Amino acid sequence: MIERWSVAGAEARVGEGVQGLVVTIDGPAGSGKSTVARRVAERLGCGVLDTGALYRTVTLLALERGIALSDAPALARLLDDFPWRQEGERFFLGEREITDDIRTADVTAHVSEVSAHPEVRARLVPVQRAQAAHRALVAEGRDMGTVVFPDARHQFYLDADLEVRARRRADEMAKKGAAADVEKLRADLRERDRKDSSRAASPLQVPEDATVIDTTDLSIEEVVDRILADIESGRQ
Ligand code: DC
């Protein structure tokens, strides 16, 4: 039985197909996607999927097990052993919680290389689609509207100035008590954007049907309100 949206205008009709129940949010690192996606999902009363966390999990396992980051077939098998799941802000692989482990500087530095392999992406696409099989979902990442859920009715793309994205990352780190070098964060974000946008397999792009929101001067709540207003009004 398909769940129904609680928001007017976004209500799915039975038979419309599961992707009609998906909200996609794409954009570069630091554009606010993860936080916005979680809040939108809370307000809609539906599931949330952080697909960057999936690519980070493969990277974490590869680093821990000493798998070469160029060995695409071996990387693609890494998620075969344990079920992966997201519970709100927390991530699990089987019984192991990996929430903090997938956010280390080491994982962040290598995740673009891992996620560039078509074999890895092909392995993860069904995992992502399965999350939307029985429930409404807000899915965020780099290729949600272009590749994973191209028929999703509600598609958004968040962007923000590099400077602001670097500051946001620094603030997040400061909240966790970690020292942050804004210069270095800015350089790392620029490099990750370059790699994620220029790779051959599912590069970061604005989906054709997406509403683009520049979050540079907006608060998280303003972005969330804008997305919900667009969905309710039928503009998205
Ligand atoms: O959103 P994030 O920073 O946690 O994502 C980590 C990396 O994963 C990002 O640099 C590119 C990759 N990624 C991807 O290739 N496709 C997605 N749908 C999500 C993330």
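In this convention, every chain numbers its residues from 1, walking through the sequence in written order. Whole-chain, interface and lining totals are the exception, using all residues; otherwise, since this is a predicted model, local features are given only for residues with pLDDT of at least 70 and side-chain atom pairs are given and counted only at 80 or more. For the side-chain quantities, the full set of heavy atoms in the structure was used; hydrogens and water were omitted.

K.L.:
Explain the overall build of the protein here, please?
P.N.:
For helices the rule is a DSSP run of H or I covering at least 4 residues; for strands it is a run of E covering at least 2, with both sets numbered from the N terminus onward. Scanning the protein from N- to C-terminus turns up nine helices and eight strands. Radius of gyration: C-alpha atoms only; globule rule: 2.2 Å multiplied by the number of residues to the exponent 0.38. The C-alpha atoms of the protein give 17 Å as radius of gyration, which agrees with the globular expectation for 236 residues (18 Å, within 12%). Each of the three principal axes of the protein carries a C-alpha extent, and together these read 50 × 40 × 35 Å. Of the contacts made within the protein by residues no fewer than 6 positions apart, 73% connect residues no fewer than 24 positions apart. Each accessible area is a Shrake-Rupley result for a 1.4 Å probe, and residues are judged covered by the shown protein chains and nothing else. Of the roughly 11300 Å² of accessible surface on the protein, a fraction of 50% belongs to carbon and sulfur atoms. The sign given to each residue is positive for Lys and Arg and negative for Asp and Glu; His and the chain ends receive no count. To locate a charge, the coordinates of NZ of Lys, CZ of Arg, CG of Asp or CD of Glu are taken. Looking at the protein, you have 34 positive and 42 negative side-chain charges, and the mean spots of the two groups are 1 Å apart. Contacts were defined at the residue level, with two residues in contact if any of their heavy atoms lie within 4.5 Å.

K.L.:
Looking at this structure, I do not really get helix H8 (residues 182-198). What am I missing?
P.N.:
For an α-helix the count is 3.6 residues per turn, leaving residues at separations of three or four pointing the same way. By this rule the span expected of a helix is its residue count minus one, scaled by 1.5 Å. Between its first and last C-alpha atoms H8 spans 24 Å; for 17 residues at 1.5 Å apiece the expected length is 24 Å, and the two agree. Here H8 has its buried residues at Leu185, Arg186, Leu189, Arg192, Asp193 and Asp196. End-on view of H8: buried residues confined to an arc of 135°, all on one side of the axis. Turned more than 90 degrees from where H8 packs its buried face, Glu183 and Ser198 sit exposed. Packing partners of the buried residues in H8 comprise helix H2 (51-65), helix H4 (105-115) and helix H7 (162-175). Any pair of N or O atoms that falls within 3.5 Å is considered a polar contact. Within protein, one atom must be able to donate a hydrogen and the other to accept it, and sequence-neighbouring residues count only if both atoms are side-chain atoms. In this structure Asp181 caps H8, since a side-chain oxygen of it lies 3.1 Å from the backbone nitrogen of Glu183. Residue exposure (1.4 Å probe, protein chains only): buried if accessible area is under 20% of the type maximum, exposed if over 50%, otherwise partly exposed. Throughout, the arc means that of the directions going from the helix axis to the C-beta atoms.

K.L.:
Would you take a moment to explain the site of the ligand for this structure?
P.N.:
We call a residue near a given molecule or strand whenever any one of its heavy atoms falls within 4 Å of it. Near the ligand there are 17 residues, and of these Arg56, Arg121, Arg192, Asp196 and Arg199 occur at the shortest range. Between the ligand and Thr51 there is a distance of 3.0 Å, counted from a nitrogen atom to a side-chain nitrogen or oxygen. Look at the ligand: alone it shows 450 Å² of surface, and the protein chains cover 98% of it. Elements with a minimum of two residues in the shell around the ligand: H2, H4 and H8. In terms of residue count, the dominant contributor to the shell around the ligand is H2 (four residues). Taken together, the residues of the shell around the ligand sort by class into three nonpolar, five polar and nine charged. Ten residues, namely Ala, Val, Leu, Ile, Met, Phe, Trp, Tyr, Cys and Pro, are considered nonpolar, four, namely Asp, Glu, Lys and Arg, are considered charged, and the remaining ones, Gly among them, are considered polar.

K.L.:
Just checking my understanding: could you explain the packing of aromatic side chains for this structure?
P.N.:
The description of an aromatic ring pair uses the distance of the two centres, along with the angle that the planes make with each other. Ring geometry is summarised as follows: Phe, Tyr and Trp rings, the Trp one being its six-membered ring, pair when their centres sit within 6.5 Å, and such pairs are stacked at plane angles under 30 degrees, edge-to-face over 60 and tilted between the two. Enumeration according to the criterion identifies one aromatic pair in this entry. Relative to Phe91, the ring of Trp84 has its centre 5.9 Å away and its plane inclined at 40°; by these criteria the two rings are tilted. What makes Trp84 buried here is its relative accessible area of 9%. Given a relative accessible area of 3%, Phe91 falls into the buried group. In this structure, Arg85 is placed above the aromatic ring of Phe92, and the distance from its NZ or CZ to the ring centre is 4.5 Å. Counting as a charge over the ring demands two things of the Lys NZ or Arg CZ atom: a distance within 6 Å of the ring centre and an angle within 35 degrees of the ring normal.

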